[in-house]
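Here is how the chains run, residue by residue.
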There are 2 protein chains.
Amino acid sequence: MPLLVVGSVALDSIETPTQTRENVLGGSAVYFSYTASYFTPVRLVGAVGDDWPREHTELLRSRNIDTGGLHVVRGARTFRWRGKYLADMNTRETVGVELNAMAQFEPVLPEEFRRSKFLFLANGSTEIQLKVLDQCTGATLRVADTMDLWIRSQPAELAELLRRIDALVLNDSEARLLTGDPNLVRAGHKVRELGPRFVVIKKGEHGAMFFSKHETYVLPAYPTPRVVDPTGAGDSFAGGMMGYLAEQGNFEPKTLKEAMAYGILAASFTVEDFSLDRLRKIERADLEHRMEEYRRMLSF
Amino acid sequence: MPLLVVGSVALDSIETPTQTRENVLGGSAVYFSYTASYFTPVRLVGAVGDDWPREHTELLRSRNIDTGGLHVVRGARTFRWRGKYLADMNTRETVGVELNAMAQFEPVLPEEFRRSKFLFLANGSTEIQLKVLDQCTGATLRVADTMDLWIRSQPAELAELLRRIDALVLNDSEARLLTGDPNLVRAGHKVRELGPRFVVIKKGEHGAMFFSKHETYVLPAYPTPRVVDPTGAGDSFAGGMMGYLAEQGNFEPKTLKEAMAYGILAASFTVEDFSLDRLRKIERADLEHRMEEYRRMLSF
């Protein structure tokens, strides 16, 4: 089943304790859609400038990602993010952000895209996320990501969003910020009480937690010894999760838990190199192989 | 099979964001032995002062813990630790330590204790841990805990200890300190290469990781919404793990993984109240019930 994603498309410059990369392919919607494409056709909506390398669009198209919703804003540059990871590889500093094409981004979805049943609102302005929701009135699973910036700057819009989506995906510090509760188990349920039917808290190297009315669970991250660049891990997690749900065409509890696991494994590949470099080298079979290991790891 | 533990016996004063307790029963060997007693008979070695409340000894004895190795140091006070937890309940500040009876503690083990097959050297001076090892020459499973203080102050003794034990249990920041490697998967194996056959890294609210030559795995913490006081969680984890191994009488890979899970669940009860207050209210059946939930949580 086609999966629609709206979010950022970026050129990232990244510094880790041992390596740097300049202007590599990134952005929440890119990591999400590339990962989801292992499972299902993807429809990507975003904006880039006229400096956007055509090869990036071709790469996405080669993966069964429909880029018909990728707008090129004339006279603008592509969104740029510059970040630095500290020695622990978990603490990240944003060194610079240039919104560029994203600043003028007003999503107008192609007619066909609006009929998508599975929708992911990747990290971005809550106001824009609401405008996308307005256009996708027939979606059966509407999931959003958010971040501290929007929690602080658009609380009223976020409250509305939470009432209109089926699920929210956010990280641990964001869940604490949104609820004021330091205990993640309580925080997860408090977010759920704001509207979504289920909530996923991403814990980076520690895995992810799931909250619905009747279920609370934690799945650990896959223990990879090779963490080169954590950028995009959260978006890949969401892409793996949503991609699997769209492939299965349902979001029953059993499917949701499997989807969480696929998200975790997709993210474990993403961090093993910069940009999409590791993901580009794997096939669905590699995900399935790691899934077997992961199931074995959690069996006793 | 009887399980020997040597470690601290303390009176703790604890401040959390919402509550405080003064001079409550604590210490690594106390948390360890009380937890292990759900599984197997325990032999406790430690030192207290003459201010030690007799009721604490009686409580331990009531649980099939042999306190024949608990020395009362005349003229000394019991070891005291005073700590404070910040709002996130994970960051802990030691406000004060009085070694008292522990300063003069030279473990001389009762003859019967020396023949214990399962031995746990709870957190304490590495020098003392080595002296215990010298006395327990027939142990088949020798496991130690350590902390940043000993990693920094007794590196030569710790290197010797690591060559003489079967396993080391330590927390994530200690594993990073000991190896200089920020990646926990690599750090765990690097600790293992220093001598122990297996290594367990405790990650607090994020669970625990296991490392042997052929296995690497992570198990998440049990998600409890009620974290009142994390003191003793790591010692309870070790007590549950070692208690189960001693009960089973082996440390095959399958038993080890089950033991890790029991350790995680025991710790999840410990944090639900101050001191041993939560553990005192549970029975083995409560551990088994939570184990069923935990297995279900990790199945998909």
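A quick note: this is a predicted structure, and the numbers were derived from the prediction, not measured.

A. Up close: the overall build of chain A. In terms of helices and strands, chain A carries 11 helices and 13 strands. In summary, chain A has a C-alpha radius of gyration of 18 Å against a globular reference of 19 Å for 300 residues, a match within 12%. Considered along the principal axes of its C-alpha atoms, chain A spans approximately 55 × 45 × 35 Å. Each of the 300 residues in chain A was classed as buried or not, and the buried ones make up 60%. When contacts within chain A are restricted to residue pairs at least 6 apart in sequence, long-range pairs at least 24 apart make up 64% of them. Counting only carbon and sulfur atoms, one obtains 48% of the accessible surface of chain A, whose full area is about 11700 Å². In chain A, 37 positive and 40 negative side-chain charges are present, and the distance between their average locations comes to 3 Å.

B. Region of the structure containing unusual backbone geometry. Residue and element names in this part refer to chain A. Positive phi values are uncommon outside glycine, yet Asn23 reaches one of about 50 degrees. Tracing the backbone through its elements, the reader meets Asn23 in strand E3 (residues 20-26). Positive phi outside glycine occurs at Ser275, with the angle close to 50 degrees. When you line up the elements, Ser275 lands in the loop between helix H10 (253-270) and helix H11 (284-297).

C. Representation of the pairing of strand E11 (residues 198-202) of chain A within the structure. Residue and element names in this part refer to chain A. The buried count for E11 comes to 5 of 5 residues, which makes it a mostly enclosed element. Residues Phe198, Val200 and Lys202 point to one face of E11 and Val199 and Ile201 to the other, with burial holding for every one of them. Sheet topology places strand E10 (residues 167-171) next to E11; 5 bridges connect them, and they run parallel. If you follow Asn171 over to E11, its bridge partner there is Lys202. Looking at chain direction, E11 and strand E12 (residues 208-211) are connected through 4 bridges and run antiparallel. When the sheet's bridge partners are listed, Lys202 is paired in E12 with Ala208.

D. Region of interest: the relation of the copies chain A and chain B. For the pair chain A and chain B, the superposition axis carries a translation of 0.0 Å, the fit reaches an RMSD of 0.0 Å, and the rotation angle comes to 180 degrees. Such a combination of turn and shift is consistent with a two-fold rotation axis. In this assembly, 100% of the residues forming the interface of chain A have copies in chain B that are likewise at the interface, indicating an isologous arrangement.

E. Summary view of the packing of aromatic side chains. Residue and element names in this part refer to chain A. Per the counting criterion, the structure on display carries 18 aromatic pairs over all chains. On the numbers, 6.2 Å between centres and 85 degrees between planes, the contact of Phe39 with Tyr244 is edge-to-face. With Phe39 in the loop between helix H1 (28-36) and strand E4 (42-49) and Tyr244 in helix H9 (residues 233-248), this residue pair connects regions lying 205 residues apart in the sequence. Both residues of the pair, Phe39 and Tyr244, count as buried. Considering the side-chain rings of Phe118 and Phe251, the 6.3 Å spacing of their centres and the 80 degrees angle between planes classify their relative orientation as edge-to-face. Taken together, the positions of Phe118 in strand E8 (residues 118-121) and Phe251 in the loop between H9 and H10 put the pair 133 residues apart, joining distant regions of the chain.

F. Structural view of the pattern of salt bridges. Applying the stated criterion across every chain yields a total of 38 salt bridges over all chains. Residues Glu205 of chain B and Arg176 of chain A are paired through a salt bridge, measuring 3.3 Å at the closest nitrogen-oxygen approach. With one member in each of two chains, Glu205 of chain B in the loop between strand E11 (198-202) and strand E12 (208-211) and Arg176 of chain A in helix H7 (residues 172-179) form a pair that bridges those chains. The closest approach of N and O atoms between Arg54 of chain B and Glu58 of chain B, which form a salt bridge, is 3.2 Å. Of the two residues, Arg54 of chain B and Glu58 of chain B are both situated in helix H2 (residues 54-61); the distance of 4 residues between them amounts to about one turn of the helix. Exposure remark for Arg54 of chain B: the relative accessible area of 57% places this residue in the exposed category. Among the residues examined, Glu58 of chain B registers a relative accessible area of 41% and is labelled partly exposed. Beyond isolated ion pairs, a larger network of salt bridges with shared partners links Asp134, Glu160 and Arg164 of chain A.

G. A look at the sheet that holds E3 of chain A. Residues and elements named next belong to chain A. The sheet built from 4 strands is open, its strands ordered E3-E2-E6-E7 with mixed pairing. Bordering the open sheet on either side are E3 and strand E7 (92-98), each of which pairs with just one other strand. For this sheet the average axis-to-axis angle between neighbouring strands, irrespective of direction, equals 20 degrees.

H. Region of the structure containing helix H4 (residues 126-135) of chain B. All names here are of chain B. Counting buried positions along H4 yields 7 of 10 residues, so the element is predominantly enclosed. Tucked into the core, H4 has its buried residues touching strand E1 (3-6), helix H3 (111-114), strand E8 (118-121), strand E9 (141-145), helix H5 (148-153) and helix H6 (155-164). Its side-chain oxygen placed 3.2 Å from the backbone nitrogen of Glu127, Ser125 serves as the N-cap of H4.

I. Layout of the side chain of His189 of chain B. As for its placement among the helices and strands, His189 of chain B is situated in helix H8 (residues 184-192). Looking at His189 of chain B, the relative accessible area reads 17%, which means it is buried.

J. A look at the sheet that holds strand E7 (residues 92-98) of chain B. Residues and elements named next belong to chain B. An order of E3-E2-E6-E7 is seen for the 4 strands of this open sheet, with the pairing classed as mixed. The open sheet has two edge strands with one neighbour each: strand E3 (20-26) and E7. Neighbour-to-neighbour, the strand axes of the sheet open up by a mean angle of 20 degrees, direction not taken into account.

K. Quick look at the pairing of strand E1 (residues 3-6) of chain A. All names here are of chain A. By the alternation rule, side chains of E1 split into Leu3 and Val5 and Leu4 and Val6, which are all buried. As defined by bridge partners, E1 adjoins E8 across 4 bridges and the pair is classed as parallel. Bridge assignment links Leu3 to a residue of E8, and that residue is Phe118. Sheet topology places E1 next to E4; 4 bridges connect them, and they run parallel. Residue pairing across strands places Val5 opposite Leu44, the latter belonging to E4.

L. Structural detail: the interface of chain A and chain B. Between chain A and chain B, the contact holds 35 residues from the first and 35 residues from the second. With both sides pooled, the region where chain A packs onto chain B buries about 2600 Å², and carbon together with sulfur makes up 61% of that total. Taken together, the links from chain A to chain B amount to 2 salt bridges. At the junction of chain A with chain B, the criterion picks out 18 residue pairs in polar contact (both at pLDDT 80 or more). Of all the elements in the fold, those that place two or more residues in the side of chain A that touches chain B are helix H8 (184-192), strand E13 (216-219), H10 and H11 of chain A. With 5 residues, the single largest contributor to the side of chain A that touches chain B is H11 of chain A. Taken together, the residues of the side of chain A that touches chain B break down into 19 nonpolar, 6 polar and 10 charged.

Thresholds, definitions, all that
- Residues numbered from 1 in each chain as written.
- Chains lettered and ligands numbered in written order.
- Predicted model: local features only at pLDDT ≥ 70, side-chain atom pairs only at ≥ 80, totals over all residues.
- Heavy atoms only, no water.
- Helix = DSSP H or I, 4+ residues; strand = E, 2+ residues; numbered from the N terminus.
- Rg over C-alpha atoms; globule rule 2.2 N^0.38 Å.
- Buried < 20%, exposed > 50% of the residue type's maximum accessible area, 1.4 Å probe, protein only.
- Contact = heavy atoms within 4.5 Å.
- Areas by Shrake-Rupley, 256 points an atom, 1.4 Å probe, with all protein chains shown as cover.
- Lys, Arg positive; Asp, Glu negative; His and termini not counted.
- Charge placed at Lys NZ, Arg CZ, Asp CG, Glu CD.
- Pairing = 2+ DSSP bridges.
- Least-squares fit on C-alpha atoms with pLDDT ≥ 70 in both.
- Phe/Tyr/Trp six-rings, centres within 6.5 Å; stacked < 30°, edge-to-face > 60°.
- Salt bridge = Lys/Arg side-chain N within 4 Å of Asp/Glu carboxyl O.
- Axes fitted to C-alpha atoms, helices over the stretch in contact; angles between N-to-C directions.
- Polar contact = N/O pair within 3.5 Å; in protein donor to acceptor, adjacent residues only side chain to side chain.
- Buried area = accessible area lost by both parts, 1.4 Å probe.
- Nonpolar A, V, L, I, M, F, W, Y, C, P; charged D, E, K, R; others polar.

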